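Listed here are the chains, written in short residue letters.
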Amino acid sequence: MAMMPGPLPRYVGIAVLCAFYGVVWSLALNPRVDRLYRSYYIEKSLPQWPADRQLTYRPGTLIDFSKVNPYLSRRGWSEPETSGTWMIEQKAELFVVPDSVSEGDMELWIQASAFVPVLHRRTTVEISLNERTLGRRVFRQHDRRQDFRMAVPAEALDASPTLLGRKVIRIGFEVLDPGPPARSRFSVGRKMLGLHLYSLCLADTTHRCERADE
Amino acid sequence: MLFAAILYRHRGQVTRCFALNVPGGWFSANRRNGCCGRTRGADDVEYSFTLAASGIVMQSGNRIDTLLSCIKVACQSSRLTGDSSHRPAPVPWVSILVIFLSSRLTIWSAGYLGGRAFGTGLIEPLYLCRHDCLWYMGIVANGYQLAPEGVPPGSANWAFFPLYPLLVRALTAIVLLDPVIAGLLVSNLSFALALCVFYAYYRKTVSDDHRSALYASTLLCYSPGTIYFMAPYTESLFLLLTLLTFHLAASNRWMLAGIASACLTATRMVGVLAIPSMLLIALQKNRVGDLIHSELRCPRLLFALALAPLGLAGFMLFLYLQMGDALAFQHVQVAWGREFGNPFTILWQGLQNRDHAHFWYALVTVLALLATISGVVRRRYAESFLIGAGVLIPLSSFLFSMPRYVFSLFPLYIILGVSFGHNEAGRAGAIGISVAAACIYAIAWALDQGFVC
């Protein structure tokens, strides 16, 4: 009968292998990737990989949210309705790849309303661009659609990650005081309703926004 | 420590005879029976045992002689010679080779001629390199990408595991072959070896009947998805390594089983299923208490289980060093629209789909799930687990390509072999349907139909 090695080498081997797996797993939990990669592959918020001009946007053009468009993040939005698209989670994003970006400041034009729960009396939405807060907008009960502008400083635009030399702009919306319709007995589901976005436009401060078909 | 010679009986015939180091605790339970007796193992196989030197607890000095005499006595009592009883069933190389070559020729010809007859253009003789083969050839030629450059946008070759392209690349470098030819060689050689292991495994664990084992091997050869075993895909390597893992584990050769499973996890993601499969095999062969006792003395199974994820961990480390994300192989699936969901919802949607391809995928999946249940009923737990989990994991993200995943799971052919093995009409019918389906698949492949990729 061949001499069998004792259990110690195997126990040592098992310990070494487990330590190696621990190291690999910790690396897996902390990827070293850029913002764009994280958005598309890990967080799965970027709707499409911004190649082949799929997310291309001409600054100054109005994005109509009653139509299907590619800019909405994978999560956080309802299907388009006749008037626009609802936020259905506390956070939702837009991704646009402008075909040109001005050197200076720009403006964000937004047409929106919001769901305001009866008990809340108001809904506050924080709007950011490339994770830099542009401002907050408060919607009260019985408010109709609001048209407003927000200044976009050049530094926020410069913070855009680039893909093949093109900037990817990330516009974020966050409801700060979310109130699901179920709480006001409008619905029995857990669905969240926040901002109702009609249209949006990113433009130079010197230009007006136009519809794409104008 | 006691020694015992164990006779393995199947349908009243002594088929194998081997010696064991028997833990004292286990044997003492049977010792009342005297120096000879019978017991039923955890695997429900009847063992008869002969206690060496009539139950004398032996010292280390006389182990070898006593053990040999023990085997001799035990084997003589069953009119078997010690030498022949140790050998596993011989593999009929010639028969396997004939089945292998004839099936490859039949399916290739069906694809080539059918493609020319039904297609609009000429079919190249090397029409087998399509779909994922192009990704593998890209890895062979240029390695893994640093950024996503594939179609659809965002896709990259990180999704493809490294062992197969590594073997192809090695063969290309050594023999200076064209990568596609080298890929075909690796795939077909792996499949030929897999057939031999499949035959041996079938005789070892299912039935010692040569005809039945050869029939099951023929079913595997003419599987509807056999085109995947011919093409430069990972399916045949995956099949070989799965079979090796199961066969070695069933033979208690845990170190080799661990190495085979480490290679398996470097071949495909579902290779990790080898880990619970090995554990199930060990639990089926031993009582839990015995297993814990023997593992504490010498952790052979534990070491094999620890070895198994090495292939996957190595690939993850490589991906981290290459492009910063160790889970890139999983994350990149989003580019193909694969996201986790409820597999049964996806299956139900497929069954309701009016598109023929989706219905076919769903039907094959249902058949595989039925085979899983059949395997459980037959108490083939490790194999049932392999089919069930091997189907549900890919199904949880997509129905597309399910036939490819299903047809590369070897227990399917064991269950089919057992189901039709004793019925001549059933055998002929199953082979006939399988050959027809394999030819249709080959023609669809030659015509570059998307549903077969």
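Note that the structure is predicted; figures quoted are calculated from it, not measured. (Residues numbered from 1 in each chain as written. Chains lettered and ligands numbered in written order. Predicted model: local features only at pLDDT ≥ 70, side-chain atom pairs only at ≥ 80, totals over all residues. Heavy atoms only, no water.)

*Asks:* I keep staring at the overall build of chain B and nothing clicks. Help me out?
*Replies:* What chain B contains, in helices and strands, is 22 helices and 4 strands. For chain B, the proportion of its 453 residues judged to be buried stands at 56%. Put simply, of all contacts in chain B between residues at least 6 apart along the chain, 69% involve residues at least 24 apart. Summed over all atoms, the accessible surface of chain B reaches about 19700 Å², with 64% contributed by carbon and sulfur. (Helix = DSSP H or I, 4+ residues; strand = E, 2+ residues; numbered from the N terminus. Buried < 20%, exposed > 50% of the residue type's maximum accessible area, 1.4 Å probe, protein only. Contact = heavy atoms within 4.5 Å. Areas by Shrake-Rupley, 256 points an atom, 1.4 Å probe, with all protein chains shown as cover.)

*Asks:* What exactly am I supposed to notice about the side chain of Asn157 of chain B here?
*Replies:* Residues and elements named next belong to chain B. Checked against the element boundaries, Asn157 lands in the loop between α5 (132-142) and α6 (163-175). One polar contact links the side chain of Asn157 to the main-chain carbonyl oxygen of Gly143, over a distance of 3.2 Å. Polar side-chain contacts of Asn157 include one of 3.0 Å to the backbone nitrogen of Gln145. The contacts of Asn157, once residues within four sequence positions are left out, are Trp135, Ile139, Gly143, Tyr144 and Gln145. (Polar contact = N/O pair within 3.5 Å; in protein donor to acceptor, adjacent residues only side chain to side chain.)

*Asks:* Help me out: how do you make sense of the state of the cysteines in this one?
*Replies:* Here, disulfide denotes a covalent bond that connects the sulfur atoms of two cysteines. All names here are of chain A. Applying the stated rule across the entire model yields 2 disulfides over all chains. What pairs with Cys201 in a disulfide is Cys209, and their sulfur atoms sit 1.8 Å apart. Here the disulfide of Cys201 and Cys209 is left-handed, its torsion about the S-S bond being about -85 degrees. Judged on exposure class, the residue Cys201 and its partner Cys209 are both buried. (Disulfide = S-S within 2.5 Å.)

*Asks:* What should I look at first to understand the sheet that holds strand β11 (residues 169-175) of chain A in this one?
*Replies:* Each strand in a sheet pairs with its neighbour through backbone hydrogen bonds, running either in the same direction (parallel) or in the opposite one (antiparallel). Residue and element names in this part refer to chain A. On the basis of which strands lie adjacent, the open sheet formed by 5 strands has the order β1-β4-β11-β6-β7 and mixed pairing. Lying at the two open borders of the sheet, with one neighbouring strand each, are β1 (56-57) and β7 (132-140). Where strand β6 (residues 122-129) and β7 come together, 8 bridges link them in antiparallel fashion. Within β7, the position partnered with Glu126 by the bridge is Arg136. (Pairing = 2+ DSSP bridges.)

*Asks:* What exactly am I supposed to notice about the layout of surface pockets here?
*Replies:* Any empty space left between atoms is shown by rolling a water-sized probe over those atoms. Residues and elements named next belong to chain B. Taken as a whole, the second largest pocket holds about 880 Å³ of empty space. Lining the second largest pocket are 31 residues, with Ala159, Gln333, Arg338, Arg404 and Tyr405 sitting closest to its centre. Looking at the lining of the second largest pocket, the elements that each hand over two or more residues are α5, α16 (328-331), α19 (381-395) and α20 (402-407). (1 Å grid on protein atoms, 1.4 Å probe; cavity = no way out; pocket = protein on both sides within 12 Å on 5 of 7 lines; lining within 4 Å. Points joined across faces, edges and corners; volume = space filled by probe spheres on them.)

*Asks:* Honestly, the side chain of Thr234 of chain B in this entry has me stumped. Any pointers?
*Replies:* Along the polypeptide, Thr234 of chain B turns up in the loop between α9 (226-230) and α10 (235-250). Sequence-distant contacts of Thr234 of chain B, that is, excluding residues within four places in its chain, are made with Tyr136, Tyr164, Thr267 and Arg268 of chain B.

*Asks:* When you look at the pattern of salt bridges in this model, what are you seeing that I'm missing?
*Replies:* For side chains bearing opposite charge, pairing can occur when the charged atoms are close. Residues and elements named next belong to chain B. Across all of its chains, the model carries 14 salt bridges over all chains by this definition. Among the salt bridges present, the one from Arg203 reaches Asp208, with a minimum N-O distance of 3.4 Å. Of the charged contacts in the structure, one is a salt bridge between Arg380 and Glu383, with a shortest N-O distance of 2.4 Å. Assessed through its relative accessible area of 15%, Arg380 is described here as buried. For Glu383, a relative accessible area of 5% puts it in the buried group. One network of salt bridges, in which partners are shared, links Asp132, Glu235, Arg268 and Arg404. (Salt bridge = Lys/Arg side-chain N within 4 Å of Asp/Glu carboxyl O.)

*Asks:* Quick question: what am I supposed to make of the packing of aromatic side chains here?
*Replies:* Any aromatic ring pair is given by two values, namely how distant the centres are and how the planes are angled relative to each other. A full pass over the atoms with the stated rule returns 35 aromatic pairs over all chains. Where Tyr144 of chain B meets Phe315 of chain B, the ring centres are 5.5 Å apart and the plane angle is 50 degrees; that geometry is what we call tilted. Placement of the pair is Tyr144 of chain B in the loop between α5 and α6 and Phe315 of chain B in helix α15 (residues 310-323), with a sequence separation of 171 residues. You'll find Tyr144 of chain B and Phe315 of chain B in the same group, each marked buried. Relative to Phe329 of chain B, the ring of Phe161 of chain B has its centre 5.2 Å away and its plane inclined at 75 degrees; by these criteria the two rings are edge-to-face. Separated by 168 residues along the polypeptide, Phe161 of chain B in the loop between α5 and α6 and Phe329 of chain B in helix α16 bring together distant segments of the chain. Grouped by ring-pair contacts, the aromatic residues Tyr37, Tyr40, Tyr41 and Trp49 of chain A together with Trp158 of chain B constitute a single cluster. Over the ring of Tyr320 of chain B we find Arg32 of chain A, and its NZ or CZ is 4.8 Å from the ring centre. (Phe/Tyr/Trp six-rings, centres within 6.5 Å; stacked < 30°, edge-to-face > 60°. Lys NZ or Arg CZ within 6 Å of the ring centre and 35° of its normal.)

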